[in-house]
Amino acid sequence: MTTLEGAVVVITGAGRGIGRAIALELGQGGAQVAINYAHSKESAEELVRWLREHGSQHALAIQADVSDATQAASLIDEAVQRLGRIDVLVNNAGINIDRSLKNLSVEDWDTVLQMDLHSYFYTVKAAVPYFAKQRSGKIINISSFVGQAGNFGQANYSAAKAGIIGFTKTAALELARSNVTVNAICPGFIETEMYQNIPDKVKEGILQRIPLRRVGTPQEVARAVLYLIVDGDYITGQTLNINGGIYM
Ligand code: NAD
């Protein structure tokens, strides 16, 4: 794909943070963006209004809890029904429940795995028949450097994010014959609500660990997504690190 113009892109959890930045980047480039949100209808609809005036005339918002297999499949089906096709799926929605292993409950584990790993499978499974039929497609899974390096208090999150990398490689192998590429992006610390919730003292320590001495911006991750879509036809099964050097 050399141009975004007219490409239909579904982005999960796009009401804020990195997902929102991806929607803005791709929508301004002329992609028709389906914004998935779980709860924040107002901000998703406000984003859609903005996108419709700035290049994504058919942008729309679709409510779905993607950690539920049925809702994840409905999201993909509704996007195809309303926009005519699907060219790109960006799995971005994620949560974290951080506790050291001693305090991590089975429920904390299950909730995070369900959302951060299982949901990625649900949306991909629903999108594959459409991609296979049109013999093209791009899947971009937002993982994290925590899935590569581990992080204190994030056993559940790091397991899910590592799982995404393995899932990405197998999906890339299996879907290549349908001309579908599948890649993961591993952001480092990025300035979103997820990062803002970290206590200031912990943030100071984090900055010391980043060779570039700053956190990344959501736009920097969005630019990597754009790159994979527009210039990534021969890139598949890869993990693209956007992390200021915190993990090499
Ligand atoms: P965020 O909390 O600002 O946004 C996450 C979005 O996912 C929200 O809009 C939320 O409503 C949505 N979401 C959560 N559960 C959902 C569900 N069940 N169904 C649909 N949507 C749901 O977080 P962010 O920082 O923008 O993170 C986006 C992605 O990037 C996540 O996968 C996260 O793990 C990853 N990531 C973030 C950072 C960071 O430092 N911010 C670093 C590495 C990776």
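The preceding data block contains the structure.
We now turn to the structure provided with this report. Since the model is a prediction, treat every value here as computed from it, not as a measurement.

Positive phi, normally seen in glycine, also occurs at arginine 135, with a value near 55°. If you trace the backbone, arginine 135 turns up in the loop between helix 4 (106-134) and strand 5 (137-142). You can call arginine 135 partly exposed: its relative accessible area is 48%. Phi is positive for asparagine 179, which is not a glycine, with a value near 60°. Within the secondary structure, asparagine 179 sits in the loop between helix 6 (155-175) and strand 6 (180-187). Overall, asparagine 179 belongs to the partly exposed group, its relative accessible area being 47%.

Attention now moves to the pairing of strand 5. Among the six residues that make up strand 5, six are buried, leaving the element largely enclosed by the rest of the structure. Residue alternation in strand 5 divides its side chains into two sets, Gly137, Ile139 and Asn141 and Lys138, Ile140 and Ile142, and both sets are buried. Examined bridge by bridge, strand 4 (residues 88-91) and strand 5 share four bridges and lie parallel to one another. Directly across from leucine 89, in strand 5, lies its bridge partner isoleucine 139. For the handedness criterion, the β-α-β arrangement of strand 4, helix 4 and strand 5 is classed as right-handed. Across six bridges, the pairing between strand 5 and strand 6 is parallel. In the sheet register, asparagine 141 faces strand 6, and the bridge partner there is alanine 184.

The next subject is the packing of aromatic side chains. Applying the stated criterion to the full structure yields four aromatic pairs. Between phenylalanine 145 and phenylalanine 189, the aromatic rings sit 5.2 Å apart at their centres with planes inclined by 65°, giving edge-to-face as the arrangement. Of the two residues, phenylalanine 145 is situated in the loop between strand 5 and helix 5 (146-149) and phenylalanine 189 in the loop between strand 6 and helix 7 (193-196); the sequence distance between them amounts to 44 residues. The exposure class assigned to phenylalanine 145 is buried, which follows from its relative accessible area of 2%.

Criteria and cut-off values
Residues take numbers from 1 onward in each chain, read along the sequence in its written order. In keeping with the model being predicted, local features are shown solely for residues with a pLDDT of at least 70 and side-chain atom pairs are shown and tallied solely at 80 or more, while totals for entire chains, interfaces and linings include all residues. Values reported for side chains reflect all heavy atoms of the structure, with hydrogen atoms and water molecules removed beforehand. Secondary structure is summarised from DSSP: a helix means a run of H or I of at least four residues, a strand means a run of E of at least two, and numbering begins at the N terminus for each. Throughout, exposure labels follow a simple rule: accessible area from a 1.4 Å probe, protein chains only, divided by the maximum for the residue type, with under 20% read as buried, over 50% as exposed, and the rest as partly exposed. Here the rule is simple: two strands pair whenever DSSP picks up at least two bridges between them. A clockwise path from the first strand over the helix to the second, with the strands pointing away from the viewer, defines a right-handed crossover. Stacked, tilted and edge-to-face are the three classes assigned to paired rings of Phe, Tyr and Trp, where Trp is represented by its six-membered ring and a pair needs centres within 6.5 Å; plane angles under 30 degrees give stacked, over 60 edge-to-face, the rest tilted.

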